[in-house]
Amino acid sequence: MWRLLSWAPVAPADWRPCHLAGAQPSQLMLDPPWTPVFLSEKVTLTCQGSGAPGPTDWYVNEQLTGKARSNHIHITRDTPGSYSLRCRSPGAGLSPSITLDWLALQVPARVLLEGDVLPLRCRGWKDMHVTQVRFFHERKVLGGLSQGTELLLPSLQLHHSGRYHCQASVGPVLPRWQESALVTVAVQGVPVSGVSLVAQPPGGQVAEGDRLVLSCSVAKGTGPLSFSWHRQGSAVPLATGPYYKLRAVRHQDSGRYHCTATNGGTAADSPPLWVTVLGEQDPLASGAPHPQCHLIPPLV
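Everything numeric here is computed off the predicted structure, so don't read it as measured data. (Residues numbered from 1 in each chain as written. Predicted model: local features only at pLDDT ≥ 70, side-chain atom pairs only at ≥ 80, totals over all residues. Heavy atoms only, no water.)

> For this particular structure, what's the right way to read the side chain of Ser-89?
Mapped onto the elements of the fold, Ser-89 is located in the loop between strand E8 (83–88) and strand E9 (98–101). From its side chain, Ser-89 meets the backbone nitrogen of Gly-49 in a polar contact 3.4 Å long. What Ser-89 contacts, discounting residues up to four positions off in sequence, is Ser-26, Cys-47, Gln-48, Gly-49 and Thr-56. (Helix = DSSP H or I, 4+ residues; strand = E, 2+ residues; numbered from the N terminus. Polar contact = N/O pair within 3.5 Å; in protein donor to acceptor, adjacent residues only side chain to side chain. Contact = heavy atoms within 4.5 Å.)

> Please clarify how unusual backbone geometry should be interpreted in this entry.
Peptide bonds are mostly trans, and most non-glycine residues show a negative phi. Here the residue pair Gln-200 and Pro-201 is connected by a cis peptide bond, since its omega of 10° sits within 30 degrees of zero. Position of Pro-201 relative to the elements: it lies in the loop between strand E20 (196–200) and strand E21 (205–207). Despite not being glycine, Glu-62 shows a phi value in the positive range, around 70°. Inspection of the secondary structure puts Glu-62 in the loop between strand E5 (56–60) and strand E6 (63–68). With relative accessibility at 30%, the residue Glu-62 sits in the partly exposed group. For Glu-138, which is not glycine, the phi dihedral falls at a positive 50°. Following the sequence through the fold, Glu-138 ends up in the loop between strand E13 (129–137) and strand E14 (140–146). (Buried < 20%, exposed > 50% of the residue type's maximum accessible area, 1.4 Å probe, protein only.)

> Which parts of the structure should I look at to understand the sheet that holds strand E25 (residues 243–246)?
The strands that make up a sheet are held in pairs by hydrogen bonds between backbone atoms, and each pair lies either parallel or antiparallel. With antiparallel pairing, the 3 strands of this open sheet are ordered in space as E20-E22-E25. Of all strands in the sheet, those bounded by a partner on one side alone are E20 and E25. Pairwise comparison of adjacent strand axes, ignoring direction, gives a mean angle of 15° for this sheet. Alignment of strand E22 (residues 212–217) against E25, held across 4 bridges, turns out to be antiparallel. The partner of Val-213 across the bridge, within E25, is Lys-245. (Pairing = 2+ DSSP bridges. Axes fitted to C-alpha atoms, helices over the stretch in contact; angles between N-to-C directions.)

> Help me understand the confidence of the model for the chain in this model?
The predicted coordinates ought not to be read in detail in places where the model reports low pLDDT. When pLDDT is averaged across the chain, the result is 78; 73% of the residues are at 70 or more. For residues 1–17, every residue scores under 50 in pLDDT, and the model assigns this stretch 45 contacts once sequence neighbours within four places are set aside. A low-confidence stretch, residues 281–291 (pLDDT under 50), is modelled with 3 contacts involving residues beyond four sequence positions or located in other chains. (pLDDT = per-residue confidence, 0-100.)

> So what exactly am I meant to see when it comes to the sheet that holds strand E12 (residues 118–124) here?
The strand order across the open sheet built from 3 strands is E10-E12-E15, with neighbouring strands paired in antiparallel fashion. Looking at strand neighbours, the two that pair on one side only are strand E10 (103–106) and strand E15 (150–153), the edges of this open sheet. In this sheet, neighbouring strand axes are inclined to one another by 15° on average, regardless of whether the strands run parallel or antiparallel. One ladder, built from 4 bridges, connects E12 with E15; its direction is antiparallel. Counterpart to Leu-118 in the pairing with E15 is Leu-153.

> Could you clarify how one ought to interpret the pattern of salt bridges in this entry?
Pairing is possible between side chains that carry opposite charge, provided their charged atoms lie close to one another. If you walk through the whole model with that rule in mind, you get 5 salt bridges. The salt bridge partner of Glu-138 is Arg-163, with a shortest N-O separation of 3.0 Å. Placement of Glu-138 in the loop between E13 and E14 and of Arg-163 in strand E16 (residues 162–171) is noted, with a sequence separation of 25 residues between them. Judged by its relative accessible area of 33%, Glu-138 is partly exposed. Judged by relative accessible area, Arg-163 falls into the partly exposed class, the value being 41%. Here Glu-179 makes a salt bridge to Arg-139, at a shortest N to O gap of 3.4 Å. (Salt bridge = Lys/Arg side-chain N within 4 Å of Asp/Glu carboxyl O.)

Encoded structure:
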């Protein structure tokens, strides 16, 4: 059962919390600051609002349990089960809910990328002996029945995103099957980086009328990749795809080019490449010897 300090009489059983229109939500702080929260012998909850601290409404499973004379309470609990807690400070709206539980599924508190390993850990509080653990993804069992409390998912892909939970037989406190709350996992693609541009002919110098091929590649980045081509001074992309081809270049094709690669989540540009179109050389400008000419006397 719950043991609570400084409570006023409780509301009727069919009462539901109402929301204050336009009010900022209250903030519910816990000590120790664990989430998902394991039940300890004592947890201190503090309700913070935009105004001065005062009598605070407290809710267990969306039911108004009572009004505390201050904005913080101490609770203990010695019965099994999962409970959600919310609060409302004077002049503020309802806080987001926080769950207190005996069994929780823990995942790394970091960004997960494609190719990473995801450790899933089913953990019980204190002296609870967790056995016969099952792990679930979107309510489908993963890896079957196991005696271990951890499961590793190697080489994550985008389809591994979703909701996970675990189920376990716990004891000696609760010698029966328990189920953890759902935990949402989001797998992101590896950011695009190391974009490079290569020209053929090398260096981007090509004679007028010849063929020019530009190719774009990336060193890192997962997910479906797409490419676009850009030239300085042009407001719209020239083309899409990993290659940009000109079958017969002209003088106006000279300029600075770059490609952009994206995987839908991140994008990166290649270093710019100057393309120079060379025209037919003037033999006088090139230093070639002058052709010999002969004067032909006029006919008499």
